[in-house]
Amino acid sequence: MRTVAIYGLGTVGMTVAANLISQHQVDELILLDLDEQRSVAVVNDLKLAYPFFKRYRVQEWSSLDQAKVLVVACGELNSIQPQLAKQAKLINQVQKQITGSNFGGIVINLVQPNEATTAFIQQQWQLPPQRVIGTGTMSDTQALKLAIGESLQLASDNVTGYVYGQHDGRLVPAWSTIRVNGRFNDQAISGHKIDQNKLVINARLINYYIKRGQAGALTETRLALELIQAILEDRQAVYTLAVNQPQFGGYVSFPVMLGQNGVQNYLLLKLYSLEEEQLKVARQAIADQELQLAQS
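Residues numbered from 1 in each chain as written. Predicted model: local features only at pLDDT ≥ 70, side-chain atom pairs only at ≥ 80, totals over all residues. Heavy atoms only, no water.

Trainee: Where do I start with unusual backbone geometry in this structure?
Mentor: It is generally the case that most residues other than glycine have a negative phi and that most peptide bonds are trans. Here the residue pair glutamine 112 and proline 113 is connected by a cis peptide bond, since its omega of -10° sits within 30 degrees of zero. Take proline 113: it is sitting in the loop between strand E5 (106-109) and helix H5 (114-124). Positive phi, normally seen in glycine, also occurs at aspartate 234, with a value near 50°. Mapped onto the elements, aspartate 234 comes out in the loop between helix H8 (217-232) and strand E11 (237-245). A relative accessible area of 28% means that aspartate 234 is categorised as partly exposed. (Helix = DSSP H or I, 4+ residues; strand = E, 2+ residues; numbered from the N terminus. Buried < 20%, exposed > 50% of the residue type's maximum accessible area, 1.4 Å probe, protein only.)

Trainee: Even after reading the chapter, I still don't get the pattern of salt bridges, so can you show me in this structure?
Mentor: Any two side chains of opposite charge can pair, given that their charged atoms come close. Following the criterion strictly, the structure yields eight salt bridges and no others. In this structure, the salt-bridge partner of arginine 2 is aspartate 27, at a minimum N-O distance of 3.1 Å. Here arginine 2 is found in the segment before strand E1 (3-7), whereas its partner aspartate 27 is found in the loop between helix H1 (11-22) and strand E2 (28-32), with 25 residues between them in sequence. By relative accessible area, which is 30% here, arginine 2 ends up partly exposed. The partner of lysine 280 in a salt bridge is glutamate 277, and the shortest N-O contact between them spans 3.4 Å. Of this pair, lysine 280 and glutamate 277 are both found in helix H9 (residues 273-295), three residues apart, which corresponds to roughly one turn of the helix. (Salt bridge = Lys/Arg side-chain N within 4 Å of Asp/Glu carboxyl O.)

Trainee: Got a minute to help me understand the packing of aromatic side chains in this structure?
Mentor: Aromatic ring pairs: the centre-centre distance and the angle between the two ring planes describe each pair. For the structure shown, the criterion picks out seven aromatic pairs. Pairing tyrosine 208 with tyrosine 209 gives two aromatic rings, centres 5.9 Å apart and planes at 55°, and the pair type is tilted. Looking at tyrosine 209, the relative accessible area reads 44%, which means it is partly exposed. An angle of 45° between the planes, with centres 6.2 Å apart, marks the rings of phenylalanine 248 and phenylalanine 254 as tilted. By the burial criterion, phenylalanine 248 is buried, and phenylalanine 254 matches it. (Phe/Tyr/Trp six-rings, centres within 6.5 Å; stacked < 30°, edge-to-face > 60°.)

Trainee: Before we go on, may I ask you to explain the packing of H1 against helix H2 (residues 36-49) in this structure?
Mentor: Relative to each other, H1 and H2 sit at 30°, their axes nearing to 11 Å. When the axes of H1 and H2 are compared, the pair comes out roughly parallel. Where H1 crosses over H2, the handedness of that crossing is right-handed. Side by side, H1 and H2 meet where Met14, Ala17, Ala18 and Ile21 of the first sit next to Arg38, Val42, Asp45 and Leu46 of the second. (Axes fitted to C-alpha atoms, helices over the stretch in contact; angles between N-to-C directions. Parallel < 35°, antiparallel > 145°, perpendicular 65-115°, else oblique. Left-handed = near helix turned anticlockwise from the far one by under 90°. Contact = heavy atoms within 4.5 Å.)

Trainee: Looking at this structure, how should I read the nonpolar core?
Mentor: Side chains of nonpolar character tend, in soluble globular proteins, to be buried together. By size, the foremost hydrophobic cluster in this structure holds 77 residues, and its most contacted members are Tyr7, Leu29, Leu70 and Trp125. If one sorts the elements of this core by residue count, H8 sits on top with seven residues. Discounting residues that sit within four places of it in the chain, leucine 29 has contacts with Val4, Ile6, Ala17, Leu20, Ile21, Phe53, Arg55, Tyr56 and Arg57. By size, the runner-up hydrophobic cluster in this structure holds 15 residues, among which are Ala143, Leu144, Val159 and Ile178. (Core = buried A, V, L, I, M, F, W, Y, C linked by side-chain atoms within 4.5 Å.)

Quick look at the structure:
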């Protein structure tokens, strides 16, 4: 049975639930929130909106052992400056419920700062690292592809490659991995001269404008839905996720193959030396945030 749990029923959590039902991508939903009235409100709203769907479990933490996926959507998801103490509290408050439930599925974390809170969840909830992932730099990777596509007047689907590092922080646009129509040139792509710095700035601005206007629910929902399906269908697809990367000493955004058991393999592409150094810097910045969360 395709059972998905959602912890945190704000706009994003509720929207993820609604999309899972409307797209017939789930057989059973476990709805969880620190505010029980919120859970009751959301489930009744969903029942009215989608009367054909019947299988809900509300505030049943003990049912997590039946969930294939647990989406963590509590706290601040799109704040420019998330409050680390608040995020740590929301994660810690349900530690006993998680550890006592024998949950054996995959955690998809949407909370920010994503890499650091994903690491914190893995540590506090005592779960295997390969089963605790965050959305990481998925949106940053898509934003860079979009910026490149717009500059070349091409669809972003024609652009491949990855942004590593730290979402909303020490991003590492890996130009060594970027291809347009399958072709690569360090100074020109598809016959067009490119300004890498300008493209990176344009990509960052996309995410900045979203957060400045307090939007982002659509992006977070799409990312969550894509990852849920990748897990439920065992797609073995590659995403730049917040994952525990032993080579860099902990959680960082890195391209990995994702399937029903979580992280299957790391995509070990040859990076430029500068990109590897930048990735180490990003990992240190994430470690500093992890320490702040632990001390909160």
